[in-house]
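Residue strings, one per chain:
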Amino acid sequence: MESLPKVVKRRVNALKNLQVKCAHIEAKFYEEVHELERKYAALYQPLFDKRSDIVRAAYEPTDEECEWKQDEEEELTVSKQEEMKEKAKVEEEKKDEEKEDPKGIPEFWLTVFKNVDLLSEMLQEHDEPILKHLQDIKVKFSDAGQPMSFTLEFHFEPNDFFTNTVLTKTYKMRSEPDESDPFSFDGPEIMGCTGCTIDWSKGKNVTLKTIKKKQKHKGRGTVRTVTKTVPNDSFFNFFSPPEVPESGELDEDSEAVLAADFEIGHFIRERIVPRAVLYFTGEAIEDDDDDYDEEGEEADDEEGEEEADEENDPDYEPKKDANPPEECKQQ
């Protein structure tokens, strides 16, 4: 821009003003997309409700509903494995006789969480017994004419850990360009979120832990043991996000927590709830992995090319200290 003639810069400014108007039109586009999402959510919901009924054993699907047409590749795999399955059939029948008939699909949502890296990273061992009681996750959109937002509802069966039947997390969004930086607009952004209060049963709050510390008296030299309650890592901290002050200014740690929180909330809404069964079986995870394989291979090829270039360079001399440090050598 600095090298352009003044008259050209003037015209570029005109183009920028047009771009700002485009951003405002784009914002309106996303508002209408949100309305479409709200409309179609009502059409999806009966299917999601039936999914929930099957998972929690409130409905037993018919034989016709349980039929699944396998593709050719799956059929070939099945034919190859038929002999092995026949051999294992007797043993399986014996095991089934010994076990009680499972109801619904046990640990459906817990399995989904454990299969997805983004969610499994949040899980602690003490969270798993609680999440076994999770029966459904629903997405509720804001009503027409209301500020743009969505709420995640986590529905639990009665359990010994807390008295809530539903835990909620609401995300407030904005779909308008920032006046101070209109060119940064790239669709709706999450502006903040609010969790809910979990009514923990006595001694069951996994978001807190009790630690004991020994303190020595400076004068007398006597030692006493002090018990303190401190925060504990848990998935259920998800329902207690940092509050965003009116100024919108946050420290780095809070910003990082909220950024991760927004990513998780968006992922649950966009991917987990609509495609839960595919994350349960792992098929959706395989699709996600396939998206990255090709990029990884390209990166490897580029590295290989760089190494080859170095070796072919007549001026290239390997570093004298190229040997790996002792801690990197194989034992």
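Residues numbered from 1 in each chain as written. Predicted model: local features only at pLDDT ≥ 70, side-chain atom pairs only at ≥ 80, totals over all residues. Heavy atoms only, no water.

Stated precisely, the cut-off is as follows: UniProt positions are given in the numbering used here, feature names are shortened, and annotations may be inferred rather than shown by experiment.
As recorded in an unreviewed UniProt entry, the protein goes by the name Nucleosome assembly protein 1-like 1, listed as coming from Cirrhinus molitorella. In its Sequence similarities (unreviewed entry) section, UniProt records this for the protein: "Belongs to the nucleosome assembly protein (NAP) family." Recorded in UniProt for the protein, the comment headed Subcellular location (unreviewed entry) runs: "Nucleus".

### Here's the deal with the overall build of the protein
As a reminder, the rule being used: Elements are defined by DSSP. Helices are runs of H or I of four residues or more, strands are runs of E of two residues or more, and each kind is numbered from the N terminus. Note on definitions: a residue-residue contact is assigned when non-hydrogen atoms from the two residues lie within 4.5 Å. Residue burial considers only the protein chains on display, and all accessible areas are found by Shrake-Rupley using a 1.4 Å probe.
Along the protein, the regular secondary structure elements total nine helices and six strands. Intrachain contacts of the protein at a sequence separation of at least 6 include 57% that bridge at least 24 residues. Put simply, the protein shows about 24,900 Å² of open surface, and 48% of that area lies on carbon and sulfur atoms.

### A look at the pattern of salt bridges
Basically, it comes down to this: Between Lys or Arg on one side and Asp or Glu on the other, a salt bridge is scored when a side-chain nitrogen of the former is within 4 Å of a carboxyl oxygen of the latter. Each residue gets one of three labels from its accessible area relative to the maximum for its type: buried under 20%, exposed over 50%, partly exposed in between, using a 1.4 Å probe on protein chains only.
Overall, the coordinates contain eleven salt bridges when judged by the stated rule. A salt bridge links arginine 56 to aspartate 53, with the shortest nitrogen-to-oxygen separation between them at 2.8 Å. Look at arginine 56 and you get partly exposed, because its relative accessible area is 40%. When salt bridges that share partners are traced, they join Glu37, Arg269 and Glu270 into one network.

### Quick notes on the side chain of serine 142
Stated formally: Definition of a polar contact: a pair of N or O atoms within 3.5 Å, with one able to donate and the other able to accept a hydrogen when the atoms are protein atoms, and with sequence-neighbouring residues admitted only if both atoms are side-chain atoms.
When you line up the elements, serine 142 lands in the loop between strand E1 (134-141) and strand E2 (149-156). In this structure the side chain of serine 142 is engaged in a polar contact, spanning 3.4 Å, whose partner is the side chain of histidine 34. Among all residues touching serine 142, those that are not within four sequence positions of it are His34, Arg38, Pro147, Met148 and Ser149.

### Structural notes on the sheet that holds E1
Stated formally: Should DSSP find at least two bridges between two strands, the strands are taken to pair. Lines fitted to C-alpha atoms define the axes, with helix axes restricted to the stretch in contact, and inter-axis angles between N-to-C directions lie between 0 and 180 degrees.
Sheet architecture is open: four strands sit in the order E1-E2-E3-E4, paired in antiparallel fashion. Strands at the two margins of the open sheet, each flanked by one partner only, are E1 and strand E4 (189-194). Taken pair by pair, the neighbouring strands of this sheet meet at an average axis angle of 20 degrees, ignoring direction. Here E2 pairs with strand E3 (residues 166-174) via seven bridges, running antiparallel. In the sheet register, histidine 155 faces E3, and the bridge partner there is valine 166.

### Examining a negative patch on the surface
Using the following cut-off: Candidate patch residues must exceed 30% relative accessible area and have no salt bridge, after which like charges are joined if within 9 Å and Val, Leu, Ile, Met, Phe, Trp or Tyr side chains if within 5 Å. Counted charges follow a simple rule, with Lys and Arg positive, Asp and Glu negative, and His plus the chain ends left uncounted. One atom stands in for each charge, and that atom is NZ of Lys, CZ of Arg, CG of Asp or CD of Glu.
Where like charges cluster on the molecular surface, the negative patch consists of Glu176, Asp178, Glu179 and Asp181. Considering the arrangement of structural elements, one finds aspartate 181 in the loop between E3 and E4. Residue aspartate 181 is classed as partly exposed on the basis of its relative accessible area, which comes to 37%.

### Describing helix H7 (residues 252-272)
Counted only if it meets this: Expected helix span is taken as 1.5 Å per residue step, with the number of steps being one fewer than the number of residues.
Over its 21 residues, H7 runs 28 Å from end to end, which matches the ideal 30 Å to within 8%, given 1.5 Å per residue. Of all the positions in H7, only Ser254, Leu258, Asp261, Phe262, Ile264, Gly265, Phe267, Ile268, Arg269 and Ile272 are classed as buried.

### Details of a nonpolar patch on the surface
A cluster of nonpolar residues, Leu36, Tyr40, Leu43, Tyr44 and Leu47, forms a patch on the protein surface that exposes about 540 Å² of accessible area. With respect to the helices and strands, tyrosine 40 occurs in helix H1 (residues 6-55). Judged by its relative accessible area of 40%, tyrosine 40 is partly exposed.

### Remarks on the environment of arginine 56
Looking at where arginine 56 falls in the secondary structure, it is placed in the loop between H1 and helix H2 (63-66). In the structure, arginine 56 is positioned 77 residues away from histidine 133 in sequence and 9.6 Å away in space, judged by C-alpha atoms. Engagement of the side chain of arginine 56 in a polar contact is seen with the side chain of aspartate 53, the distance being 2.8 Å.

### As for the nonpolar core
Inclusion rule: Among the buried residues, those of types Ala, Val, Leu, Ile, Met, Phe, Trp, Tyr and Cys that are joined through side-chain atoms within 4.5 Å form a nonpolar core.
Residues Phe113, Phe154, Phe235, Phe236, Phe238 and Ile268 are the most contacted members of the largest nonpolar core, which totals 49 residues. In terms of residue count, the dominant contributor to this core is H7 (six residues). Setting aside its immediate chain neighbours within four residues, phenylalanine 238 contacts Met122, Leu152, Phe154, Lys169, Tyr171, Asp261, Ile264 and Ile268.

### A closer look at the packing of aromatic side chains
The condition that has to hold: Pairs were defined over the aromatic rings of Phe, Tyr and Trp, the Trp ring being its six-membered one, requiring ring centres within 6.5 Å. Orientation was assigned from the angle between planes: stacked under 30 degrees, edge-to-face over 60, tilted for the rest. Two conditions define a charge sitting above a ring: the NZ of Lys or the CZ of Arg must be within 6 Å of the ring centre, and it must be within 35 degrees of the ring normal.
Inspection of the entire model under this criterion finds 21 aromatic pairs. An angle of 70 degrees between the planes, with centres 5.2 Å apart, marks the rings of phenylalanine 29 and tyrosine 30 as edge-to-face. What links up through ring pairs into an aromatic cluster is the set Phe113, Phe154, Phe156, Phe162, Trp200, Phe235, Phe236, Phe238 and Phe239. Above the ring of phenylalanine 161, the side-chain terminus of lysine 204 is found at 5.5 Å from the ring centroid. In this structure, arginine 269 is placed above the aromatic ring of phenylalanine 150, and the distance from its NZ or CZ to the ring centre is 4.8 Å.

### Things to note about the side chain of threonine 170
Relative to the helices and strands, threonine 170 is located in strand E3. Polar side-chain contacts of threonine 170 include one of 2.9 Å to the side chain of threonine 151. If sequence neighbours within four positions are ignored, threonine 170 has contacts with Phe150, Thr151, Gly192, Cys193 and Thr194.

### As for the environment of phenylalanine 239
Looking at the secondary structure, you find phenylalanine 239 in the loop between strand E6 (223-231) and H7. Judged by relative accessible area, phenylalanine 239 falls into the buried class, the value being 2%. Residues phenylalanine 239 and aspartate 261, 22 residues apart in the sequence, show an inter-C-alpha distance of 9.9 Å.

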